[in-house]
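Inside the fold
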Amino acid sequence: MNASLPPSLRRRTLLAGVAATGVAGLLSPLRTLASSAYPERPITFICPWPAGGTADQSMRALCQVASRVLGQAIAVENRAGASGMIGTKAMAGAKPDGYTIGQIPISVARFSQLGTVQLDPLKDFTYLARTSGQTFGVAAPAASRFKSLQEVVAFAKANPGVVTYAHAGVGGATHVGMEQFALAAGIRFNHVPYKGGADALQAVLGGHVDLLADSSSWAPHVEAGKLKLFATWGERRTPRFKDTPTLKELGYNVVVDAPNGIGAPKGLDPVVTQKLRDAFRQAVNSPEFKQVADKIDAPVLYLDGPDYEKYVGTVYQQETLLIDRLKLRELMKS
């Protein structure tokens with residue numbers, strides 16, 4: 001303390017410091033107590049995709065199990081748009097108290113670099129769990145003139161930009177995956193963006209677009225004979241459609257699985273973070289989630305929060321290279 005201050009002022013300064021220290025000392029146990037009591041009310045889970053899509057189905061299944069573990073309801077709120085970034089931004093900007101959490105699309109590693117969303121995925125989230133991947137594929141209406149992906153490629157080479165495909169938003173996994181395939185095949189498509197996979201599916205079923213690029217929203221329609229599946233995008237064939245080749249098998253070195261994850265705003269209390277990590281670990285490993293994951297052909301790719309955060313860091317670096325390779329900044333403006 002400054003000895004040049006008058007004695008009375010020194011005493012007041014000392015008392016103020018003691019009081020502040022006392023209040024901080026009292027608040028710390030209170031915060032700990034509040035964290036240990038979490039959750040004391042329902043939790044909002046923001047799903048950044050429309051209701052009914054494969055991501056929505058998987059997130060709802062996870063929340064149903066996690067709510068039982070936590071002893072509180074988890075209400076799923078769909079905030080779709082901007083290829084998942086509207087809901088992601090809303091979740092990141094919420095109060096970090098554990099009562100607003102949500103899905104983090106891995107495409108945030110791309111969109112943050114493209115300037116589509118003002119977020120830093122390396123700084124703005126508390127990562128809780130990576131959950132499952134997605135089985136993407138290229139499908140066409142049963143009545144399509146194309147009988148195979150080879151026919152699509154041959155026609156597209158002769159007619160650049162004529163073949164149309166529906167996808168779930170510019171810069172998202174379905175758009176970028178198809179553009180990676182087009183680059184590998186030496187062709188050019190005409191892409192048609194929609195708000196989500198469910199809307200893209202309806203456009204193709206209605207005959208408005210030639211091809212569908214999506215996660216497995218196409219699956220029941222392929223089984224019903226309304227769509228035909230030309231290729232999937234995974235490392236290996238999906239068990240339910242074992243007769244359908246992967247892009248790699250067809251000679252195109254493209255693999256896309258876009259794992260989903262669960263997160264919360266940055267600054268979440270460590271006690272609350274651990275409770276949520278534990279709850280979603282149990283949810284991902286539950287029979288209920290496996291049943292839904294199998295139904296939508298979503299491979300379970302669980303990682304705990306810290307490992308999930310490292311994974312996002314790796315993907316961020318990969319996206320930096322992909323953005324330049326595909327000239328995504330130019331595509332976003334077109």
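In what follows, the accompanying structure is described.

Definitions and cut-offs
Here, residues in each chain are numbered from 1, in the same order as that chain's written sequence. Owing to the predicted nature of the model, reporting of local features is limited to residues with pLDDT of at least 70; listing and counting of side-chain atom pairs is limited to 80 or more, with chain, interface and lining totals taken over all residues. Calculation of side-chain values draws on the structure's entire complement of heavy atoms; hydrogens and water are dropped beforehand. The helix count covers DSSP runs of H or I at least four residues long, the strand count covers runs of E at least two residues long, and both are numbered beginning at the N terminus. For the exposure calls, accessible area comes from a 1.4 Å probe over protein chains only, and a residue counts as buried if that area is under 20% of its type's maximum, exposed if over 50%, partly exposed in between. Contact criterion: two residues are considered in contact whenever any of their non-hydrogen atoms come within 4.5 Å of each other. Strands are treated as partners if at least two bridges between them are detected by DSSP. Angles shown run from 0 to 180 degrees and are taken between the N-to-C directions of axes, each axis being a line fitted to C-alpha atoms and, for helices, limited to the stretch in contact. By convention a crossover is right-handed if, when the strands point away from the viewer, the path from the first strand over the helix to the second runs clockwise. The set of buried Ala, Val, Leu, Ile, Met, Phe, Trp, Tyr and Cys residues whose side-chain atoms join them within 4.5 Å is what this entry labels a nonpolar core. The scheme is simple: roughly parallel for angles under 35 degrees, roughly antiparallel for over 145, roughly perpendicular for 65 to 115, oblique for anything else. In a left-handed crossing the near helix is turned counterclockwise from the far helix by less than a right angle, and in a right-handed crossing that turn is clockwise. Salt bridge criterion: a side-chain nitrogen from Lys or Arg within 4 Å of a carboxyl oxygen from Asp or Glu. Working definition: rings of Phe, Tyr and Trp (its six-membered ring) pair if their centres are within 6.5 Å, and the pair is stacked with planes under 30 degrees apart, edge-to-face with planes over 60 apart, and tilted otherwise. Consider the ring centre and the ring normal. A charge sits over the ring if Lys NZ or Arg CZ is within 6 Å of that centre and within 35 degrees of that normal.

Regarding the environment of I101
Checked against the element boundaries, I101 lands in strand β3 (residues 100-103). Judged by its relative accessible area of 0%, I101 is buried. In the structure, I101 is positioned 13 residues away from T88 in sequence and 9.6 Å away in space, judged by C-alpha atoms. Not counting residues within four places of it along the chain, the set of residues in contact with I101 comprises I43, T44, F45, I46, M91, G263, A264, L276 and F280.

Brief notes about unusual backbone geometry
For the bond running from Y38 to P39, omega is -5°, close enough to zero to count as cis. Tracing the chain through its elements places P39 in the loop between α1 (7-37) and β1 (43-47). Phi at S83 takes a positive value of approximately 55°, unusual for a residue other than glycine. Tracing the chain through its elements places S83 in the loop between β2 (74-78) and α3 (85-92). Take S83: its relative accessible area is 6%, and that puts it in the buried class. A positive phi angle is found at D297, which is not glycine, with a value near 55°. Taking the relative accessible area as the measure of exposure, D297 reaches 8% and is therefore buried.

Observations regarding the sheet that holds strand β7 (residues 190-193)
As summarised here, the arrangement of the five strands in space is β7-β6-β8-β5-β9, forming an open sheet in which the pairing is mixed. With partners counted over all chains shown, the strands left at the sheet margins are β7 and β9 (227-232), one partner each. Looking at each pair of strands side by side, their axes are set apart by 30° on average, direction ignored. The sheet contact formed by strand β6 (residues 164-167) and strand β8 (residues 211-214) spans two bridges and is parallel. Across the sheet, residue Y165 finds its bridge partner in β8, namely L211.

A look at the pairing of β1
Here β1 lies mainly inside the structure; four of its five residues are buried. Sheet topology places β1 next to β2; five bridges connect them, and they run parallel. Across the sheet, residue T44 finds its bridge partner in β2, namely A75. Remark: the β1/helix α2 (residues 54-70)/β2 crossover connection has right-handed handedness. Pairing of β1 with β3 involves three bridges; the strand directions are parallel.

What about the nonpolar core?
Here is a general trend for soluble globular proteins: nonpolar side chains tend to be buried in one another's company. M178, F181, F189 and L211 are the most contacted members of the largest nonpolar core, which has 50 residues in total. Residues within four places of F181 in sequence aside, it is in contact with L149, V153, I187, F189, L247, Y252 and V254. Y38, A61, V65 and L276 belong to the second-largest nonpolar core, a separate cluster that totals 33 residues.

Topic: the packing of α2 against helix α9 (residues 270-284)
Between α2 and α9, whose axes approach to 8 Å, the crossing angle comes to 130°. Classified by the interaxial angle, the pair formed by α2 and α9 is oblique. Every pair of crossing elements has a handedness; the one defined by α2 and α9 is right-handed. Across the interface between the two elements, L62, V65, A66, V69 and L70 of α2 pack against K275, L276, A279, F280, Q282, A283 and V284 of α9.

Comments concerning the pattern of salt bridges
In this structure the tally under the stated criterion is 13 salt bridges. For the salt bridge of E249 with R237, the shortest nitrogen-to-oxygen distance reads 2.8 Å. In this pair, E249 sits in the loop between β9 and β10 (261-265) while R237 sits in the loop between β9 and β10, placing the two residues 12 residues apart along the sequence. For E249, a relative accessible area of 47% translates into the label partly exposed. Note that R277 and D304 form a salt bridge whose closest N and O atoms lie 2.6 Å from each other.

Brief notes about the sheet that holds β10
One open sheet accounts for six strands, arranged β2-β1-β3-β10-β4-β11; its pairing is mixed. The two strands at the open ends of the sheet, each matched to only one other strand, are β2 and β11 (300-304). Direction aside, neighbouring strands of the sheet carry axes that sit 25° apart on average. Together, β1, β2, β3, β4 (125-132) and β10 form the strand contacts of α2, whose direction differs from that of β2 by roughly 160°.

Some thoughts on the packing of aromatic side chains
In this structure the tally under the stated criterion is 10 aromatic pairs. For the pair F181 and Y252, a centre-to-centre distance of 5.0 Å together with 80° between the ring planes defines the contact as edge-to-face. Remark: Y252 occurs in the loop between β9 and β10 and F181 occurs in helix α6 (residues 173-185); sequence separation between them is 71 residues. Like F181, the residue Y252 is buried in the burial classification. Just above the ring of Y99 sits the side chain of R41; from NZ or CZ to the centre is 3.7 Å.

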